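One-letter residues, chain by chain:
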Amino acid sequence: MAEHFGLKYLRKEVLPTAFCPGCYNGILMNALFQAFMELGIEDLKRFVFVSGIGCSSWIPSPFIKADSLHTLHGRAIPVATGVKLANPELNVIVIGGDGDLASIGGNHLLHAARRNMDLLVIMINNQVYGMTRGQAAPTTPHGMITPTTPYGNPERPMDVASIIAGTNANYVARWCISQYIPLKNSIKDALSRYSRGFRFIEVYAPCVTYVVRREGKTPGEKLKELMKKCIRIETWKNMSREEREKHVATGVFKAEDKPGFIETYNKYIAQALGEK
Amino acid sequence: MAEHFGLKYLRKEVLPTAFCPGCYNGILMNALFQAFMELGIEDLKRFVFVSGIGCSSWIPSPFIKADSLHTLHGRAIPVATGVKLANPELNVIVIGGDGDLASIGGNHLLHAARRNMDLLVIMINNQVYGMTRGQAAPTTPHGMITPTTPYGNPERPMDVASIIAGTNANYVARWCISQYIPLKNSIKDALSRYSRGFRFIEVYAPCVTYVVRREGKTPGEKLKELMKKCIRIETWKNMSREEREKHVATGVFKAEDKPGFIETYNKYIAQALGEK
Amino acid sequence: MTERLFLSGNEAIVYGAIDAGCRFYAGYPITPSSEIMHLMAKELPRVGGVFIQAEDELAAINMIIGASWAGLKSMTATSGPGFSLMQEGIGYAVMTETPLVIVDVMRAGPATGQATKSAQGDLMQARWGRHGDQYLVVIAPMTPQEAYDLIIEAFNIAEAYRVPVVFLMDEFIGHGREIVVRRGADKLVVRRKPSDHEPPFGSKDPRIPPPMPRLGEGHYVLVTGSTHNEWGYRDVHGFETHYKLVTRLKEKIWDNIDKIFKYKVYGDPDARRIIVCFGSTCRPAIDAAERVGGTKVLRLITLWPLNYDKLAEELSGAGKVVVPELNLGQLVYDVAQVYPRSKIRVINKVGGGIPIYPSEIIKVLEA
Amino acid sequence: MTERLFLSGNEAIVYGAIDAGCRFYAGYPITPSSEIMHLMAKELPRVGGVFIQAEDELAAINMIIGASWAGLKSMTATSGPGFSLMQEGIGYAVMTETPLVIVDVMRAGPATGQATKSAQGDLMQARWGRHGDQYLVVIAPMTPQEAYDLIIEAFNIAEAYRVPVVFLMDEFIGHGREIVVRRGADKLVVRRKPSDHEPPFGSKDPRIPPPMPRLGEGHYVLVTGSTHNEWGYRDVHGFETHYKLVTRLKEKIWDNIDKIFKYKVYGDPDARRIIVCFGSTCRPAIDAAERVGGTKVLRLITLWPLNYDKLAEELSGAGKVVVPELNLGQLVYDVAQVYPRSKIRVINKVGGGIPIYPSEIIKVLEA
Amino acid sequence: MRSAGFLGMGGQGIVFAATVLGETLYRLGYYVAQLQNYGASVRGGAVYGYVVFDEDEIVNPFIEELEVLVILHEQGRRRWENIVRKSEKIIYDKDLVNPVKNGIAMPIAEEADKHGVYRAMNMVALGIASRILGVKGIDEAVDEVLRSRKNYELNIKAYGIGLELAERARI
Amino acid sequence: MRSAGFLGMGGQGIVFAATVLGETLYRLGYYVAQLQNYGASVRGGAVYGYVVFDEDEIVNPFIEELEVLVILHEQGRRRWENIVRKSEKIIYDKDLVNPVKNGIAMPIAEEADKHGVYRAMNMVALGIASRILGVKGIDEAVDEVLRSRKNYELNIKAYGIGLELAERARI
Amino acid sequence: MAHYKVFINKKLCKGCGICIEICPRNALRFNGINPETGYRNPEQVGECIGCRQCMWYCPDQAIVVVDEQ
Amino acid sequence: MAHYKVFINKKLCKGCGICIEICPRNALRFNGINPETGYRNPEQVGECIGCRQCMWYCPDQAIVVVDEQ
Ligand SMILES: Cc1ncc(C[n+]2csc(CCOP(=O)(O)OP(=O)(O)O)c2C)c(N)n1
Ligand SMILES: Cc1ncc(C[n+]2csc(CCOP(=O)(O)OP(=O)(O)O)c2C)c(N)n1
Ligand code: SF4
Ligand code: SF4
Ligand code: SF4
Ligand code: SF4
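Residues numbered from 1 in each chain as written. Chains lettered and ligands numbered in written order. Predicted model: local features only at pLDDT ≥ 70, side-chain atom pairs only at ≥ 80, totals over all residues. Heavy atoms only, no water.

J.: Even after reading the chapter, I still don't get the overall build of chain G, so can you show me in this structure?
T.: Along its length, chain G carries two helices and four strands. Of the regular secondary structure in chain G, the N- to C-terminal order runs β-α-β-β-α-β. The globule rule puts the C-alpha radius of gyration for 69 residues at 11 Å, and the 11 Å found for chain G is close to it. Counting only C-alpha atoms, chain G reaches 35 × 20 × 15 Å along its principal axes. By residue count, 49% of the 69 residues in chain G fall in the buried class. Here chain G has roughly 3,400 Å² of accessible surface; of this, 46% comes from carbon and sulfur atoms. Across chain G, 8 positive and 7 negative side-chain charges occur, with their mean positions spaced 3 Å apart. (Helix = DSSP H or I, 4+ residues; strand = E, 2+ residues; numbered from the N terminus. Rg over C-alpha atoms; globule rule 2.2 N^0.38 Å. Buried < 20%, exposed > 50% of the residue type's maximum accessible area, 1.4 Å probe, protein only. Areas by Shrake-Rupley, 256 points an atom, 1.4 Å probe, with all protein chains shown as cover. Lys, Arg positive; Asp, Glu negative; His and termini not counted. Charge placed at Lys NZ, Arg CZ, Asp CG, Glu CD.)

Set out below in structure tokens:
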């Protein structure tokens, strides 16, 4: 029987994954693996995956067959930074949740982006803290009821991709999990055309257990709903405020190819010490 | 002899301040005090100042005659949040450095802004870590030499005001220390017309000891230079990239008067529990 | 208002805290403490209190510090990883004499370890986890009922001595459900505010904690984590100011040890075979002692400050001392202060959320 | 390559670290450790190493963890407040067996305290500052020369045992300048990489630390702070996996205590009057002992793991034991493990950057 | 002191069954302690939940043998072999659990599936345990507790199936 | 073991004086230890810096009495009274320091100002200390050290004034 | 004309039903409980046009669509 | 016509010179070292037009400009 294209990048002995049935994390994995495949990457020996704590952080660890560092909650980016600086030859990819990367880890995200650190960061925005059972995240919609917002979430969600686009980062995009092809292509771009500096892809993928099912929907129904709800940012920008709130703006927010931190750092050192 | 308008807001017994001769922190103090005076604030009994660690964090503590919490490095905003939530009647003002508020404390700044927490935050961007002797801060210009960037700063500075303007914060402005009147008026606005939600004022004021004097300039010379260098954002936007780099964009980046966190939180609770 | 409820230790803490007057909670979700946060989010607004979910534990601990100064009894709850992140803030609370209650529902560490599995590995950290010379109070319950009763006590100690209190609870107790009588507080310590001439950070008698101003009431209080004199003025140079401050901060706890330190004896009080324990290992120990007889159980409620004299007294003449712990040996360091190391029998077990069973204790008792 | 230099302890650390093969530094400025950072920023690029200023200490400790796995010997330096923030990361390094060196240049705490003033208040924190059952190595130099020599040793221990080593240095030593002979390393421990069939997180003999793969070389290594088996696979349920892991992590240190634990005796080795000390208090102690005679100085170099048997041996038959510390009493807890509490004479002094003078020790010796 | 417990895997509702039993006995006026052991987060893993109860205060709820133990999945059995070995009356699902020495196999999942309450297999188990415990008034109390929770109809139906299974087997 | 030190306030360059003296003696082949005590950050506060040196290794550099002590500011004197009380030869600025028992007042600031090296008052103090110590080759070594630092002209001039002051006072 | 076949890996499938709902041709349907995993598995019941949506959106890498031409 | 006088608080002045440099009329000048503080202090030497720049920009609250009309 034919084998799924993703399996060669996976540790088969630990499958199926530990995610809930229908969890969209697995779809991101498909897109990621298809990007690898289309880029002709045979194995992931020269890739290092770094993640924090949360459901999404389990994607690489232990499932992806590559070196992976499953770090502390919120600290994937500094660990990844250390890895990349110590061996710039490696492809370093961070995968994590919105809680992990934007709440407790928000500062590292901001500063890595500012530094244009040579990393690809994929953030799964599932609107809640999945692993700890559905509490509000910084991405939780205003008014939503969760275990920590029993009367409705008084906070407004964070537009992480926009904020990162406002820094010195090279590449910023947001996609819905329902936009498989553009998501996959975006990952490809972030590994090929834009292969240096800070690259950030936000993946909008509501937690199946603590968002989708609580809304009374099946993962398949929600996926179809998302196909309508997620639109291109250009379209979104021309909408009324009301209409905007009902949609998710997706697309490439920024795509530059400036030298990343490492090149710049080396350049300054070469300038100063080169003469020696 | 007539008394300086600021003295009534100061603890005279601890003057002069501990700042270096010429340190621009003292100019911000004047602007702040003049704003108080013009708002008819007689004393600061109902004000609480919260600061972290750094030279700028010493402004309120112990100099301003008010309740003040001189907290840990980077943690002024959460402490201020606790104060404000516990007693919403108090005016809570955070004063701190760029290192304190945007480097180690960057995450709290981001999230307080996202929550539109009812605080006024004044950040002194002095381009370095003054208190620890001039190391690079996240605001240090690209290429600048400091003790931690002996070969030139490989990072790019963070445009803190712009980033905060990209969140749910109500009021965001940036002024140069050389723009005394607009700075003073902006503080007034942030305490009167815009008195709720998150208000953020960045004050561009290079460290006299570790930036200005290292450039071989006197504090007075630099001040005059800044009067030319700091321009309104509207003007700045119409400049070429090259020209932009030579100037500092100042002005009000955002001014809204949405309900702050506290009102929203209370509204949700009243809605849910009101009927009881 | 006595009510008989069926509650987990985590839930009991919420009701105990509210009955102790807690009106502010800031926290960040973490297993196995999250239920405290969930219930607080629901219950606090009903009693006029305020709840906030912080962006991380650094924010949480610092938010409750702010709220405490603004006049509300405040707490947070977390588990190991979050507790580690809170250490700097706890040290600041010690230095500024900020009453707080910090609940640490212990899970198996180090690092992420096993998030749902009970352990007692944070004992030493609760005492020593932060830099510098700092002293606080550590209390450990043994049942959900005690979670309720002792959290009230924790708030009283925090307020009476102006000190953060760490409430160290095994996951077993946090998640285990039992009958809890919500009996209300016997007494509640009311925060003493200073008169104009009373310094907020000093007192002549170090045993008497200074009164605590409330922000916004014209005290013009200077709160700082730097070395400060009794009025809060910073002195980052002087030996005297520093030494006086830190010794007072220690003495206000240690010189009140008779009032703060609590323990209980179970089994045969005259037995020479003694089990020393705290938290969830106590009940199997008591069970074991009852089953085999001739055994005394010395159960520590207060884990810090620790009255070594009392401990020595209780262990004097002991024939065999057994120290069961859900860790690799921490309480044993206390016992070894007063009883020869070589004669202590330890039971160390941790992982998988498996308790120490009475049979295991009996085996060691009878070995 | 021997060079005779006039260096502060902070500077000596940089040259020692570089001579030990350190090629990665991440840090955040903090008094009184910043000079280490400054010199690293300058020197590392000259030897092909990498320096980065992190956004905070949480980032710093985690960056060096990443760099260590990528194959570089890595370190950071900080002081109390930053050290408190690093605790969670240090626990992760213990759990993942990541070789690191963390320098803590101690200043007077708690909290912000007195940033430029020497102290020894972080001793217990260095050992116990993080949650769960975790064991690492703590070393303290007494002179700038030792800062150089022992930092090399610290890297060797870190690499040999795959463990973070905390280098606990008093500000006096960090800022004090003295002659330092840059003599190079006698031996450098080279990280052992595993063969394909060797697990990276386990070994049959717990005394033998497992080999460490380097990222990017096809080991497909799974590094996790959760409980894991010898191949790095997470097991957040099983008792056996957890217990085996944490006991091995303890035993690889404690069962090698004979190799790791170091101390030195000065003065009269047969004297019954004994001073026990570490760090900057040792030189006044030795001075005092020489002046009055009939005194032995027991000076601990390794502060953790601590060989209590050796300590007991050295103190057996002691008439008077004096423990001088620049804190309110921490080392004394160790001494009390092996020597009656009531007979220990302590000298506790902290604040203002004032050392303990020989005269003060003599007074207690002769009292 | 009496006791009953459940073993299974994540998703089977083991903890819920124990909680309902605990609350039931609490309503009946007993001193009760209910303990559990489950995995974090994402799905799967062995789960264990049990209850001890007595007319007097409970000295120690940490016990190694249960009076009644119902096993719903092999994962649970394997991880808690010690408890299984020492417990008194052991019921296990005939399809989902390998044969247990001295235990009684029952078609728990099968019956649940047959009656369209597969999701509430845990309540079938609870019914079995209830019947074996034979505490006075337990069925009414369980009914009351289940009414206060979601999915009452489903759960009470499954509970009834459990009662019946136990009766049929005459344990 | 010999020693010399400086007391003053932040901004006076006390630590620099001690460092230069330390490095000088190191270049002359002595075992040297140089210690200091200063404030963090922003300005002001008492500052203390001293050097001990010997032909043998230094057992203990933490000492309470100095052979030579030059005091440049009252703040320093007050905070380190213990040291002042016990030291041997004490020189202090006649304007900036209150009279010190057994000390010798000198017009250090005055002379520095007069010669336009007010900023380098610390080097005047160093000159005085050097002369009193009377170590062979010290002036040449100081010169060498100062050449490797900023503001050589200013500093060496001030140093010379110190030498002269000391000689004039014949200490 | 192309003829596509949808293979389901029953070891990996968790029965979430996404494939069934996403298929534009309603080519898949559940087929009883898999006793090994306790999950229901889909099976192909209709014509597949090879759009591969089920394969992309199956979160468990459990689907392969094969062109059997 | 208005007549302004600039007062310098010599206890607070740290001699940074900002006022001297900022004054559009060059009305201020340094005047020797203040023995109490060790700093040089400015004094008014020319006509002041009352723009108050020196007052605003003096970081030490050391200047008061008084309208002596
Ligand atoms: C320091 C610390 N705080 C809290 C936790 C508990 N915790 C584990 S995962 C998580 C949040 C997970 O949310 P997210 O990152 O959004 O990932 P998801 O599970 O939603 O994919 C939290 C709070 C922890 N492990 N460490
Ligand atoms: C946790 C911690 N890390 C580091 C420090 C040391 N520290 C004190 S102030 C400071 C930076 C000050 O810079 P900034 O906030 O920009 O204020 P400035 O002094 O420039 O006004 C640092 C790093 C500290 N006190 N605490
Ligand atoms: S809890 Fe949510 S995010 Fe986590 S595995 Fe389940 S569906 Fe996925
Ligand atoms: S170091 Fe810079 S910021 Fe700090 S007081 Fe001096 S001039 Fe001001
Ligand atoms: S999408 Fe995948 S896991 Fe879900 S039912 Fe279909 S084959 Fe099974
Ligand atoms: S600006 Fe102020 S501090 Fe500066 S010289 Fe003028 S009066 Fe003095």
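J.: Explain the nonpolar core here, please?
T.: It is characteristic of soluble globular proteins that their nonpolar side chains tend to be buried jointly. In this structure, C:Met75 and D:Met75 are the most contacted members of the largest nonpolar core, which totals 312 residues. When sequence neighbours within four positions are dropped, the list of residues in contact with C:Met75 reads C:Ile13, C:Ala17, C:Cys22, C:Phe24, C:Tyr25, C:Ala26, C:Ile36, C:Met40, C:Ile64, C:Val101, C:Val103 and C:Phe155. (Core = buried A, V, L, I, M, F, W, Y, C linked by side-chain atoms within 4.5 Å. Contact = heavy atoms within 4.5 Å.)

J.: Just to check I follow, could you spell out the sheet that holds strand β5 (residues 89-93) of chain E for this structure?
T.: The mixed open sheet is built from eight strands, whose spatial order is β1(C)-β9(C)-β2(E)-β3(E)-β1(E)-β4(E)-β5(E)-β6(E). Edge positions in the sheet fall to β1 (3-8) of chain C together with β6 (103-106) of chain E, since each has one partner strand and no second. Sheet twist, expressed as the average angle between the axes of neighbouring strands with direction ignored, equals 20 degrees. Where strand β2 (residues 31-37) of chain E and strand β3 (residues 46-54) of chain E come together, seven bridges link them in antiparallel fashion. Among the inter-strand pairings, E:Asn37 is bridged to a residue of β3(E), identified as E:Tyr48. (Pairing = 2+ DSSP bridges. Axes fitted to C-alpha atoms, helices over the stretch in contact; angles between N-to-C directions.)

J.: Got a minute to help me understand the interface of chain A and chain D in this structure?
T.: On the chain D side, the residues contacting the 39 residues of chain A number 38 residues. Between the two partners, chain A and chain D, sit one salt bridge. Between D:Glu55 and A:Arg115 there is a salt bridge, and its shortest N-O distance comes to 2.8 Å. Seen at the junction of chain A and chain D, the total is 17 residue pairs in polar contact (both at pLDDT 80 or more). Where the side of chain A that touches chain D is concerned, the elements lending two or more residues are β1 (44-51), α2 (59-63), β2 (66-70), α3 (76-86), α5 (106-115) and α12 (261-273) of chain A. Class assignment for the residues of the side of chain A that touches chain D results in 19 nonpolar, ten polar and ten charged. Bridging between β2(A) and strand β10 (residues 222-224) of chain D involves three bridges; their strand directions are parallel. Looking at β10(D), one finds that A:Leu69 is bridged to D:Val223. (Salt bridge = Lys/Arg side-chain N within 4 Å of Asp/Glu carboxyl O. Polar contact = N/O pair within 3.5 Å; in protein donor to acceptor, adjacent residues only side chain to side chain. Nonpolar A, V, L, I, M, F, W, Y, C, P; charged D, E, K, R; others polar.)

J.: Honestly, the relation of the copies chain D and chain C in this entry has me stumped. Any pointers?
T.: In this arrangement, two copies of a chain are superimposed by a rotation about an axis accompanied by a shift along the axis. Laying chain D over chain C is done by rotating through 180 degrees and shifting 0.0 Å along the axis; what remains is an RMSD of 0.0 Å. The operation mapping one copy onto its partner corresponds to a two-fold rotation axis. When each C-alpha of chain D is compared by its distance to the rotation axis, D:Gly129 comes out closest, at 1.9 Å. A shared binding surface is used by both copies, with 100% of the interface residues of chain D retained as interface residues in chain C. (Least-squares fit on C-alpha atoms with pLDDT ≥ 70 in both.)

J.: Looking at this model, I keep getting lost on the sheet that holds β2(A). Mind explaining?
T.: Ordered by their spatial adjacency, nine strands build an open sheet running β9(A)-β10(A)-β7(A)-β8(A)-β4(A)-β3(A)-β1(A)-β2(A)-β10(D), and the pairing between neighbours is mixed. The sheet is open, and its two borders are formed by β9 (230-232) of chain A together with β10 of chain D, each paired with just one other strand. Direction aside, the axes of adjacent strands within the sheet are offset by 20 degrees on average. In this sheet, strand β10 (residues 248-255) of chain A lies alongside β9(A) in parallel orientation, the contact comprising three bridges. Bridging across to β10(A), A:Ile231 finds its partner in A:Ala249. Seen against the sheet, helix α9 (residues 219-229) of chain A touches β8 (198-204), β9 and β10 of chain A and runs at an angle of roughly 25 degrees to β9(A).

J.: It is not clear to me how helix α7 (residues 152-169) of chain F should be interpreted in this structure. Could you clarify?
T.: Quick reminder: α-helices carry 3.6 residues per turn. Residues three or four places apart thus point the same way. Residues and elements named next belong to chain F. Compared with an ideal rise of 1.5 Å per residue, which puts 18 residues at 26 Å, α7 spans 26 Å between its outermost C-alpha atoms and is within 8% of the ideal. Every buried residue of α7 is accounted for by Tyr 152, Asn 155, Ile 156, Ala 158, Tyr 159, Ile 161, Gly 162, Leu 163, Leu 165 and Ala 166. Elements in contact with the buried residues of α7: α1 (14-27), β6 (103-106), α4 (108-114), α5 (121-133) and α6 (138-147). Arg 170 sits one or two residues past α7 and shows a positive phi near 50 degrees. (Expected span 1.5 Å × (residues − 1).)

J.: Can you walk me through the arrangement of the chains in this structure?
T.: Here the protein chains form 16 pairs of chains in contact, of which the pair with the most contacts is chains C and D. For the non-touching pair chain B and chain G, the nearest C-alpha separation works out to 32 Å. No interface is formed between chain C and chain H, the nearest pair of C-alpha atoms being 19 Å apart.

J.: How should I be thinking about the state of the cysteines in this particular structure?
T.: Defined simply, a disulfide is a covalent bond joining two cysteines at their sulfur atoms. Residue and element names in this part refer to chain B. Going through the model one piece at a time under the given rule, you end up with two disulfides over all chains. Linked covalently through their sulfurs, Cys 176 and Cys 230 form a disulfide whose S-S length is 1.7 Å. The sign of the S-S torsion, about -60 degrees, decides the handedness of the disulfide formed by Cys 176 and Cys 230: left-handed. Of this pair, Cys 176 sits in strand β7 (residues 171-176) while Cys 230 sits in strand β9 (residues 230-232); the two residues are 54 residues apart in sequence, bridging distant segments of the chain. (Disulfide = S-S within 2.5 Å.)

J.: Please clarify how unusual backbone geometry should be interpreted in this entry.
T.: The general pattern is negative phi for most residues beyond glycine and trans for most peptide bonds. Cis rather than trans, the peptide bond between A:Leu15 and A:Pro16 has omega equal to 0 degrees. Relative to the helices and strands, A:Pro16 is located in the segment before α1 (25-38). We note that H:Asn26 has phi near 50 degrees; this positive angle belongs to a residue other than glycine. A relative accessible area of 58% places H:Asn26 in the exposed class. Non-glycine residue H:Gln61 carries a positive phi angle of around 50 degrees. Mapped onto the secondary structure, H:Gln61 falls in the loop between α2 (53-57) and β4 (63-67). The exposure class of H:Gln61 is buried, given its relative accessible area of 1%.

J.: Looking at this model, I keep getting lost on the side chain of E:Glu67. Mind explaining?
T.: Within the element layout of this structure, E:Glu67 appears in the loop between β3 and β4 (68-71). Contacts of E:Glu67, omitting those with residues within four sequence positions, involve E:Arg2, E:Ser3, E:Glu88, E:Lys89 and E:Leu133.

J.: How should I be thinking about the pattern of salt bridges in this particular structure?
T.: Where charged atoms of side chains with opposite charge meet at close range, the side chains can pair. This structure, assessed with the given rule, holds 110 salt bridges over all chains. Note that F:Arg131 is salt-bridged to F:Glu167, the shortest N-O span being 2.6 Å. Pair noted here: F:Arg131 is in helix α5 and F:Glu167 is in helix α7, with a separation of 36 residues, a long-range link. Several salt bridges converge on common partners, so that one network encompasses A:Arg114, A:Arg115, B:Glu155 and D:Glu55.

J.: When you look at the pairing of strand β1 (residues 44-51) of chain B in this model, what are you seeing that I'm missing?
T.: Residue and element names in this part refer to chain B. With six of its eight residues buried, β1 lies for the most part within the structure. Bridge count for β1 against strand β2 (residues 66-70) is five bridges, and the pairing is parallel. When the bridges of β2 are listed, Val 48 appears paired with Asp 67.

J.: I would appreciate a short explanation of the packing of helix α10 (residues 282-292) of chain C against helix α13 (residues 358-366) of chain C in the present structure.
T.: Packed helices, taken two at a time, are described by the angle between their axes plus the distance between the axes. Residues and elements named next belong to chain C. Their axes nearest at 8 Å, the elements α10 and α13 cross at an angle of 55 degrees. Classed by the angle they form, the pair α10 and α13 counts as oblique. The element α10 and its partner α13 pack so that their crossing is right-handed. Across from Pro 284, Ala 285, Asp 287, Ala 288, Arg 291 and Val 292 in α10, the residues of α13 making contact are Pro 358, Ile 361, Ile 362, Leu 365 and Glu 366. Partitioned by chemical class, the residues of the contact of α10 with α13 number eight nonpolar, no polar and three charged. (Parallel < 35°, antiparallel > 145°, perpendicular 65-115°, else oblique. Left-handed = near helix turned anticlockwise from the far one by under 90°.)

Without other data, these values stay purely geometric and don't point to any function.
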